[in-house]
Amino acid sequence: MKRFLVNIMASTGITLVTLASVGTLSNARFLFISSVFQSLGANIMINLGFLLTRKFESSYAALEITLDIGYTIIILIIFGTVFDWFTNGTPLLILVIMAVLIYSLGLLIGLFRMREDINAINKLLRKRNNKSNSRR
Amino acid sequence: MIIKLEQDLSRKDIEVLIKYASINKAVERITMFLQSVDTCIKCNMDGSEKLVNASEIYYIESVDKRTFVYCEKCVYRTEHRLYQLAEDLSRSGFVQISKSCVLNVNVLDEIKPLLNSRMEATLINGEHLYVTRKYLDNIKQALQGGL
């Protein structure tokens, strides 16, 4: 649960920074407060969906990533339609590029986390092996 | 911890007596380990049935809805389901490492990351198995409990 909440907050943070960067590039000057909450809502839905997509396991990692990105884009299209993102100046293509960018950043953070977990496991294994060797 | 071994030729079975002041994690772990020594899985090989001790099992894999038990040198088939074995053997140091594989952490030597965001577990006999990311916590917890 803790990790789930951290993931939502982290992806919302990355979304807002990406949104602000894209806005700056297109000479925008501010973000609406409603955009912040809409981003949070979209990220909650995306992370909830990931709980389901992660149940699908394939020997091809690319297939899993495509499923995740596909689901993310569907949610963004739904949110964009409901909250008029497309008529308010955010083209679908920009939204898709942002989604891929945010997902890639999330994936990268996940890989760092995975490496930390692997290091911790290998440390525990070495500790166990040393203990059993010293008993002999 | 004091370990005393006593030979008694009149005994037919092994008796283990644990003396403790209060039940703590160490006592629980010793009890769990002793219970796992007696845990056996009914397996088949070449039409004959055999009871395989949990401590002899390296990993259990499900292939096309069939469950296979891998030991150091032999491979057996069992009628048990993978999820059922994962649950029954969890107290003996077995953890799920992917959707189709349950590993005995006592034979785990090392874990290496792969390029495709997956991992590879190396066993003490040099065999390699794929590990899915979402099961990493299971391995960590099993090792922390067993130290």
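Just so it is clear, the model here is predicted, and its values are computed rather than measured. Every chain begins its residue count from 1, and numbering advances along the sequence as written. Here every chain gets a letter starting at A, and every ligand a number starting at 1, in the order they are written. Owing to the predicted nature of the model, reporting of local features is limited to residues with pLDDT of at least 70; listing and counting of side-chain atom pairs is limited to 80 or more, with chain, interface and lining totals taken over all residues.

J.: Is there a simple way to think about the overall build of chain B in this case?
T.: Looking only at helices and strands, chain B features three helices and ten strands. Numbered from the N terminus, helices here are DSSP runs of H or I no shorter than four residues, and strands are runs of E no shorter than two. Secondary structure elements of chain B, listed N to C terminal, follow the sequence α-β-β-β-β-β-α-β-β-β-β-β-α. In terms of overall dimensions, chain B has C-alpha extents of about 55 × 40 × 25 Å along its principal axes. As a rule, residues whose C-beta atom has 12 or fewer other C-beta atoms within 10 Å are exposed, those with 20 or more are buried, and those in between are partly exposed; C-beta atoms are placed from the backbone. Per-residue burial for chain B yields a buried fraction of 26% across its 147 residues. The long-range share in chain B, meaning contacts at least 24 apart out of those at least 6 apart in sequence, stands at 42%. Once C-beta atoms have been placed from the backbone, residue pairs whose C-beta atoms lie within 7 Å are recorded as contacts.

J.: Can you walk me through the nonpolar core in this structure?
T.: Buried Ala, Val, Leu, Ile, Met, Phe, Trp, Tyr and Cys residues whose C-beta atoms connect them within 7 Å together make up a nonpolar core. B:Val95, B:Val102, B:Leu103 and B:Ile139 are the most contacted members of the largest nonpolar core, which has 32 residues in total. Counting residues in hydrophobic clusters, the runner-up holds five residues, among them A:Ala42, A:Ile46, A:Leu76 and A:Ala99.

J.: Explain the interface of chain B and chain A to me, please; I cannot follow it from the model alone.
T.: A common way to report how large an interface is uses the accessible area buried once the components associate. Contacts between the two partners involve 20 residues from chain B, matched on the other side by 15 residues from chain A. Mapped by element, the contributors of at least two residues to the side of chain B that touches chain A are β8 (108-113) and α3 (136-146) of chain B. Among the residues making up the side of chain B that touches chain A, the classes are represented as eight nonpolar, five polar and seven charged. Only Asp, Glu, Lys and Arg are considered charged in this grouping, and only Ala, Val, Leu, Ile, Met, Phe, Trp, Tyr, Cys and Pro are considered nonpolar; every other residue, Gly among them, is considered polar.

J.: Which parts of the structure should I look at to understand helix α1 (residues 2-25) of chain A?
T.: Since the α-helix turns once every 3.6 residues, residues separated by three or four places project in the same direction. Residue and element names in this part refer to chain A. Helices are assigned an expected span. That span is 1.5 Å times one less than the residue count. Here α1 contains 24 residues, and its C-alpha end-to-end distance of 35 Å stays within 8% of the 34 Å for a straight helix at 1.5 Å per residue. For α1, the set of buried residues is Ser11, Thr12 and Thr15. Positive phi appears at Asn27, one or two residues downstream of α1, with a value of about 60°.

J.: I'm lost on the confidence of the model for chain A in this one. Help?
T.: Detailed conclusions should not be drawn from predicted coordinates in areas where pLDDT is low. Every residue carries a pLDDT, the predictor's confidence in it, which falls somewhere between 0 and 100. Per-residue confidence for chain A gives a mean pLDDT of 86, with 95% of residues at or over 70. Averaged over each element, pLDDT in chain A is lowest for helix α4 (residues 92-135) of chain A (85) and highest for helix α2 (residues 33-53) of chain A (91).

J.: How should the sheet that holds strand β10 (residues 128-131) of chain B be read in this particular structure?
T.: Residues and elements named next belong to chain B. Spatial ordering of the open sheet is given by β8-β9-β10, a layout of three strands whose pairing is antiparallel. The strands lining the two open edges of the sheet, one partner per strand, are β8 and β10. In this sheet, neighbouring strand axes are inclined to one another by 30° on average, regardless of whether the strands run parallel or antiparallel. A pair of strands is considered paired only if DSSP assigns at least 2 bridges between the two. In this structure, β8 lies alongside strand β9 (residues 119-123), joined through five bridges in antiparallel fashion. Considered in β9, the bridge of Leu108 is made with Leu123. For helices, the fitted axis covers only the stretch in contact; all axes are lines through C-alpha atoms, and the angles between them, taken along N-to-C directions, range from 0 to 180 degrees.

J.: Would you take a moment to explain unusual backbone geometry for this structure?
T.: One can expect most non-glycine residues to show negative phi and most peptide bonds to be in trans. Residue and element names in this part refer to chain A. A positive phi angle, near 60°, is found at Asp84, a position not held by glycine. Tracing the backbone shows Asp84 in the loop between α3 (61-82) and α4. The class for Asp84 is exposed, based on 10 C-beta atoms found within 10 Å.

J.: Whenever I open this one, the confidence of the model for chain B confuses me. Can you help?
T.: Summing up the model confidence of chain B, the mean pLDDT is 88 and the portion of residues at 70 or higher is 97%. Our summary of model confidence lists the complex with pTM equal to 0.72 and ipTM equal to 0.75.

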